[in-house]
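Now for the letters of each chain:
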Amino acid sequence: MMANSTNSQQEINKLPKLYPGREMKISTKHIALDLKFDWQKKQAYGSASITVQPVTALDNFTLDAALMTVNSIRLSTGEAVKFDYSGGESNDNLKIYFNRVYEAGEDLTVVVDYRTNWINKTDPNNLWGSNGKGLRFSEPTSNDPLRPREIWSMSEPEAARYWFPCIDAPNYLRTGEVKATVDKGLIAVSNGILVESVNNSDGTKTFHWKMDAPFPNYYTSIEVGDFIDIEQSYEDVKLHNYGYPDERADIEASVVRLPDMVRFFSEYTGVKYPFTSYSQVFVQELPGGIENSTVSTITENMIDDFGTHADFFYLWDGQEAHVLAGQWFGSHIVPSDWSHSWLNESFARYFDGLYSEYKNGHDEFLLWNRPFEISTYLADWNSGIRRPIVTQNFEDPDVMTRDNYSFVRGSMVLHMLRKQLGDEKFQAAIRNYLREFGGKMVTTADFQKAVNEAAGESMDWFFDQWVYKMGHPVFEVTQKFDEDESRLILNVKQTQKPDPAYEYPQAEYFKGKMEIEIDGKVKTINIEPKETNILTFEMPAQPKYINFDYEGTWIKEFTFTKSLNEVLSQAVESKDVVCRSRAISELVKIAGDEKTTDKDKEKIYSALRKICLSDSYWRMKFNALNQLQSLIAPFWETAAIDLDKPTREMLLKLIKNEKSWLQAAAIRFLGMTRYPQYADLYISFLNDQSDRVVGSAAAALGKTKSPKAFDALANLVKRPSMKSQSLMSALNGLKELGDPRAYDIAYNSLADLKLRRWRLPTPPVWDYRIIAAQTISSLGKSESAYPLVFERFKASMNENDVQGVFNNILLIIALADPRGQEAFDMLKAKYKDDPAIYDAALQHETSFKGVIKQ
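As the structure is a computational prediction, the values presented were derived from the model and not from experiment.

**Section: the overall build of the protein chain**
Right, on to step 1. The secondary structure content of the protein chain amounts to 28 helices and 28 strands.
Right, on to step 2. Since a compact globule built from 854 residues should have a radius of gyration of about 29 Å, the 29 Å found for the protein chain is in line with a globular shape.
Right, on to step 3. Principal axes of the C-alpha set define a box for the protein chain whose edges measure 90 × 75 × 60 Å.
Right, on to step 4. Restricting the contact set of the protein chain to residue pairs at least 6 apart, pairs at least 24 apart contribute 70%.
Right, on to step 5. One way to put it: in the protein chain the 98 positive side-chain charges average out to a point 3 Å from where the 118 negative ones average out.

If you want it as structure tokens, here you go:
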């Protein structure tokens, strides 16, 4: 799509080969694991009892067992059988022979005694967490003495083979059970229900979990750790939340909406939660969440206190609801192969958005969930990542289960389908789908059938253009008002062209229902699959504004040239928050144009201030405020900003009347003035219930250089907060203040490894040690702090603690001491044969050299 180049100008992206399906000679019925764990070697060992039925008569079959030590294989009778194990990671690498022929449909159980050898390592390019494959072991280190002792698994898409032998394919369902023997004080969690837990004479404890409902192999899960269980329920469904003992109150605060989520999905789908229990296990070193059958593994970063979690409901609702929705779409209805993975991932994503819409409001759904999806999809598209949602042509299952087509494009397609059908028919389609195919394996054609039944007409055209083909429309919209005829004429042209550089099927033109808003009135039109659609509307006068694609439903790009007054009208008057948000962004572009007059710029500033003080949804006002600040006082500006009176008055009103994110943004904006007369105002917010507000107030206070600032910020360090937020806020304020007395606070913080912290995708923001190092550097005292960090770096190197190594590399970059080059030299020398670590070292070294040059 959108291609103007020819084949000779552009490299052809050849269609990947058809992904080979597995020929099933046996049908797996049940897998029972009995495991123990060697923490020193990071290995699991024990047995896998695998019950199968031959599809045709056979005297041998194969399993997948990646990088294992296979000690023996026996029948359930105890009789030893021969086997060949070729090692490696490929399919069918464990071949088992029998002394007789087993007939089709005859039960056969083999017991494999084995030990794992694969270690699921930290990704140095993703220090905040990475999925990996197989089992991830975690223990305290010298760099992170509070790191918990725990194990969690990653089996999807074909990584179960790294921790138990199996047929590691998506196209079968089986029951299962896990017995896990763990050290004293630890708990093991797995699929299904806990049958029993037994204290053993050697001080260990065995947990026996059993899953009687058939489920896909890649949804097999285990988590081991020092957990407590916070129990909840929805009707007769037991809900378990496993987290760390010292976070009991925080777990309770963070999972408070889980029963309501279960109720919402049960009622919306017409299918009550399809299992007897559900568990959530919160762990570290995981970037997001993993849905498995009846149990989800979720990043511990979700666990906050009541105040913090209230600020982040919009974020963590999505994470928690997403993996929960996977119990309906993934465990209850199971995609038959990887090409149909969107039936899991996209549905889970869209349903977490539906819950957000229900709980947090339609505007939140439109302003938070939707913009991320369209921007993510278009970023992939423009970088050349292009494919249909459903295709048999792919090279790796990871592509189909983890890329943005399986998640965000599919979610956007579901939203378009909902708007095309209407809410009632869309919900009927979902209910038809779950009612007919619950407990079964499905393809996209099955969902398509349910949609057609609910729609009362064929929707095959919809699936053809949005699901089975790649691309999206690029609209060029122009308007003309005929005063003589009192008619508005819209010319809607589709300018996209099939891209010859891609061999996937592509839609030429797109069709479907679309809504258009004209001066607050919403009209429904039909886009026909042709180059130009001419739309005519009877009206007495030229409209003030036209909103093409109300609420931004379509996956699209478009241009629609408008006057400043039209954009101003959209920003202030439209009923559509998507349109208003887009108009605000356009106003900022206009204001930043050197050709724009001062008079017009003032119109824009006035409109943005009006939005900020209106009764609009908070996120709309938040966006408008941030955009206004980008024009007047950019975040990167280091000099004091002299604000005009209307803007100062607006900010003071927002600080007085708003809360949380919007209040914090107003304080941050006002703080750019560096006016010392506001020091008392900022100090008054250092004990606010929202740590977002506290953080903004601390930084703003530091910028005032007020004589009161140091004592106030030093006292802030002592304020109780979740995961050292008060400390981080104080350090940021002290960094701005530049008072030499801050050194002791910063150095002591850098030296203290026993403070709780977040591990999020932005370490410089959420790790107090990074902020401490930055504060020390700003005071010009890196020389005295560097030895502390370098010694920790060397200790992590000796322990082969990759996460610790790179955490200290980040601190060395923050300190900007030239001696830090020795750390990079050591790192590259040690890991010269490990491409991932070596490349990460080079990237960080480039950052370090850039900082040193400054």
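**Considerations on the nonpolar core**
Right, on to step 1. Membership of the largest hydrophobic core comes to 206 residues, with the highest contact counts inside it found for Trp 342, Phe 347, Tyr 433, Phe 447, Leu 625 and Leu 827.
Right, on to step 2. Of the residues forming this core, the biggest block, 10 residues, is contributed by helix α26 (residues 802-815).
Right, on to step 3. Those residues in contact with Leu 827 that lie beyond four places of it in its chain are Phe 793, Met 797, Val 805, Phe 806, Ile 809, Ile 837 and Ala 841.
Right, on to step 4. In terms of nonpolar packing, the next biggest core, distinct from the first, is built from 58 residues, Trp 39, Leu 108, Ala 180 and Val 283 among them.

**Quick look at the side chain of Asp 549**
Right, on to step 1. Here Asp 549 lies in the loop between β27 (546-548) and β28 (557-560).
Right, on to step 2. With a relative accessible area of 1%, Asp 549 lands in the buried category.
Right, on to step 3. Among the polar contacts listed, one links the side chain of Asp 549 to the backbone nitrogen of Trp 554, at a separation of 2.9 Å.
Right, on to step 4. Those residues in contact with Asp 549, other than ones at most four positions away along the chain, are Met 514, Glu 515, Ile 516, Trp 554, Lys 556 and Asp 576.

**Considering the sheet that holds strand β16 (residues 237-243)**
Right, on to step 1. What the 5 strands build is an open sheet, ordered β15-β16-β17-β19-β18; its pairing is mixed. Both edges of this open sheet fall to β15 (228-234) and β18 (289-292), since each of them pairs with a single strand only. Shown here is a sheet whose adjacent strand axes are inclined to one another by a mean of 15 degrees, direction ignored.
Right, on to step 2. Relative to strand β19 (residues 295-299), β18 runs antiparallel, the two being bridged by 4 bridges.

**Some points on the pattern of salt bridges**
Right, on to step 1. Applying the stated criterion to the full structure yields 51 salt bridges.
Right, on to step 2. Of the charged contacts in the structure, one is a salt bridge between Arg 161 and Glu 158, with a shortest N-O distance of 3.6 Å. Here the two residues Arg 161 and Glu 158 agree in accessibility, since each one is buried.

**Points about the packing of helix α14 (residues 598-612) against helix α15 (residues 618-632)**
Right, on to step 1. Closest axis-to-axis distance for the α14/α15 pair is 8 Å, and the angle between their directions is 150 degrees. Handedness of the α14/α15 crossing: left-handed. Across the interface between the two elements, Tyr 605, Leu 608, Arg 609, Ile 611 and Cys 612 of α14 pack against Met 620, Lys 621, Ala 624, Leu 625, Leu 628 and Leu 631 of α15.
Right, on to step 2. The residue makeup of the contact of α14 with α15, split by class, is 9 nonpolar, no polar and 2 charged.

**Here we look at the layout of surface pockets**
Right, on to step 1. By volume, the second largest pocket is sized at about 930 Å³.
Right, on to step 2. Phe 558, Val 578, Ser 581, Arg 582 and Ala 583 are, among the 30 residues lining the second largest pocket, the residues nearest its centre.
Right, on to step 3. Looking at the lining of the second largest pocket, the elements with two or more residues in it are α6 (362-382), β28, α12 (564-573), α13 (577-591) and α15.

**Observations concerning the packing of aromatic side chains**
Two descriptors summarise a pair of aromatic rings, namely the distance from one centre to the other and the angle between the planes of the rings.
Right, on to step 1. Counted by the stated rule, this structure contains 54 aromatic pairs.
Right, on to step 2. Judged by centre distance (4.7 Å) and plane angle (15 degrees), the rings of Tyr 19 and Phe 394 are stacked. Note that Tyr 19 is positioned in the segment before β1 (26-38) and Phe 394 in the loop between α6 and α7 (397-402), a separation of 375 residues in sequence.
Right, on to step 3. A centroid spacing of 5.6 Å and a plane angle of 75 degrees characterise the contact between Tyr 273 and Trp 328, whose relative ring orientation is edge-to-face. A residue pair is termed long-range when its members are at least 10 positions apart, and Tyr 273 in the loop between α2 (258-269) and β17 (277-283) and Trp 328 in the loop between α4 (313-325) and β20 (333-335) qualify at 55 residues.
Right, on to step 4. Tyr 273 sits in the buried class, given a relative accessible area of 4%.
Right, on to step 5. Classification of Trp 328 as buried rests on a relative accessible area of 0%.

**Some remarks on the environment of Asp 615**
Right, on to step 1. Its place among the elements puts Asp 615 in the loop between α14 and α15.
Right, on to step 2. C-alpha of Asp 615 to C-alpha of Pro 216: the two residues are 399 residues apart in sequence and 49 Å apart in space.

**Describing unusual backbone geometry**
Right, on to step 1. Here the bond from Glu 156 into Pro 157 is cis, since omega is 0 degrees, no more than 30 degrees from zero.
Right, on to step 2. As for its placement among the helices and strands, Pro 157 is situated in the loop between β9 (150-154) and β10 (173-182).
Right, on to step 3. Located in the positive-phi region is Leu 67, a residue other than glycine, with phi close to 55 degrees.
Right, on to step 4. Here Leu 67 lies in the loop between β3 (58-63) and β4 (68-75).
Right, on to step 5. The partly exposed category is assigned to Leu 67, whose relative accessible area is 28%.
Right, on to step 6. The phi dihedral of Ser 486 is positive, around 50 degrees, even though this residue is not glycine.
Right, on to step 7. Locating Ser 486 in the fold gives a position in the loop between β22 (474-482) and β23 (487-494).
Right, on to step 8. With a relative accessible area of 27%, Ser 486 lands in the partly exposed category.

**Here we look at a negative patch on the surface**
Right, on to step 1. A contiguous patch of negative charge on the surface is contributed by Glu 483, Asp 484, Glu 485 and Glu 538.
Right, on to step 2. For Glu 485, a relative accessible area of 47% translates into the label partly exposed.

**Topic: the packing of α6 against helix α8 (residues 404-421)**
A pair of packed helices is characterised by two quantities: the angle between their axes and the separation of those axes.
Right, on to step 1. For the pair α6 and α8, the least separation of the axes is 10 Å and the interaxial angle reads 125 degrees. Taken together, the axes of α6 and α8 are oblique relative to one another. Read as a crossing pair, α6 and α8 show a hand that is left-handed. Listed contacts from α8 to Phe 365, Arg 370, Phe 372, Glu 373, Ile 374, Thr 376, Tyr 377, Asp 380 and Trp 381 of α6 are Asn 404, Tyr 405, Val 408, Arg 409, Ser 411, Met 412, His 415 and Arg 418.
Right, on to step 2. Of the residues assigned to the contact of α6 with α8, the class counts are 8 nonpolar, 4 polar and 5 charged.

**Some points on the side chain of Thr 444**
Right, on to step 1. Position of Thr 444 relative to the elements: it lies in helix α10 (residues 444-455).
Right, on to step 2. A polar contact is formed between the side chain of Thr 444 and the side chain of His 340, at a distance of 2.8 Å.

**Regarding the confidence of the model for the protein chain**
Right, on to step 1. In this model, the protein chain carries an average pLDDT of 94, and 96% of its residues clear a pLDDT of 70 or more.
Right, on to step 2. In the predicted structure, residues 1-9 sits below a pLDDT of 50 and forms 28 contacts with residues beyond four places in sequence or in another chain.
Right, on to step 3. Every residue in residues 758-765 is under pLDDT 50, and counting partners more than four places away or in other chains gives 26 contacts.

**Thoughts on the environment of Lys 708**
Right, on to step 1. Structurally, Lys 708 can be placed in the loop between α19 (691-704) and α20 (709-716).
Right, on to step 2. Setting aside chain neighbours within four positions, we find Lys 708 in contact with Asp 680 and Ile 683.

**Some thoughts on the state of the cysteines**
Right, on to step 1. Counted by the stated rule, this structure contains 0 disulfides.
Right, on to step 2. Cysteine Cys 579 is unpaired, with the sulfur of Cys 612 as its nearest cysteine sulfur at 17 Å.
Right, on to step 3. Judged by its relative accessible area of 0%, Cys 579 is buried.
Right, on to step 4. Looking at Cys 612, the relative accessible area reads 1%, which means it is buried.

**Digging into helix α27 (residues 821-830)**
Right, on to step 1. Those residues of α27 not exposed but buried are Ala 823, Phe 824, Leu 827 and Lys 828. The arc that holds the buried residues of α27, viewed along the axis, is 125 degrees, so those residues lie on one side.

The rules behind these values
Residues numbered from 1 in each chain as written. Predicted model: local features only at pLDDT ≥ 70, side-chain atom pairs only at ≥ 80, totals over all residues. Heavy atoms only, no water. Helix = DSSP H or I, 4+ residues; strand = E, 2+ residues; numbered from the N terminus. Rg over C-alpha atoms; globule rule 2.2 N^0.38 Å. Contact = heavy atoms within 4.5 Å. Lys, Arg positive; Asp, Glu negative; His and termini not counted. Charge placed at Lys NZ, Arg CZ, Asp CG, Glu CD. Core = buried A, V, L, I, M, F, W, Y, C linked by side-chain atoms within 4.5 Å. Buried < 20%, exposed > 50% of the residue type's maximum accessible area, 1.4 Å probe, protein only. Polar contact = N/O pair within 3.5 Å; in protein donor to acceptor, adjacent residues only side chain to side chain. Pairing = 2+ DSSP bridges. Axes fitted to C-alpha atoms, helices over the stretch in contact; angles between N-to-C directions. Salt bridge = Lys/Arg side-chain N within 4 Å of Asp/Glu carboxyl O. Left-handed = near helix turned anticlockwise from the far one by under 90°. Nonpolar A, V, L, I, M, F, W, Y, C, P; charged D, E, K, R; others polar. 1 Å grid on protein atoms, 1.4 Å probe; cavity = no way out; pocket = protein on both sides within 12 Å on 5 of 7 lines; lining within 4 Å. Points joined across faces, edges and corners; volume = space filled by probe spheres on them. Phe/Tyr/Trp six-rings, centres within 6.5 Å; stacked < 30°, edge-to-face > 60°. Patch = residues over 30% accessible without salt bridge, like charges linked within 9 Å, V, L, I, M, F, W, Y side chains within 5 Å. Areas by Shrake-Rupley, 256 points an atom, 1.4 Å probe, with all protein chains shown as cover. Parallel < 35°, antiparallel > 145°, perpendicular 65-115°, else oblique. pLDDT = per-residue confidence, 0-100. Disulfide = S-S within 2.5 Å. Arc of directions from axis to C-beta.

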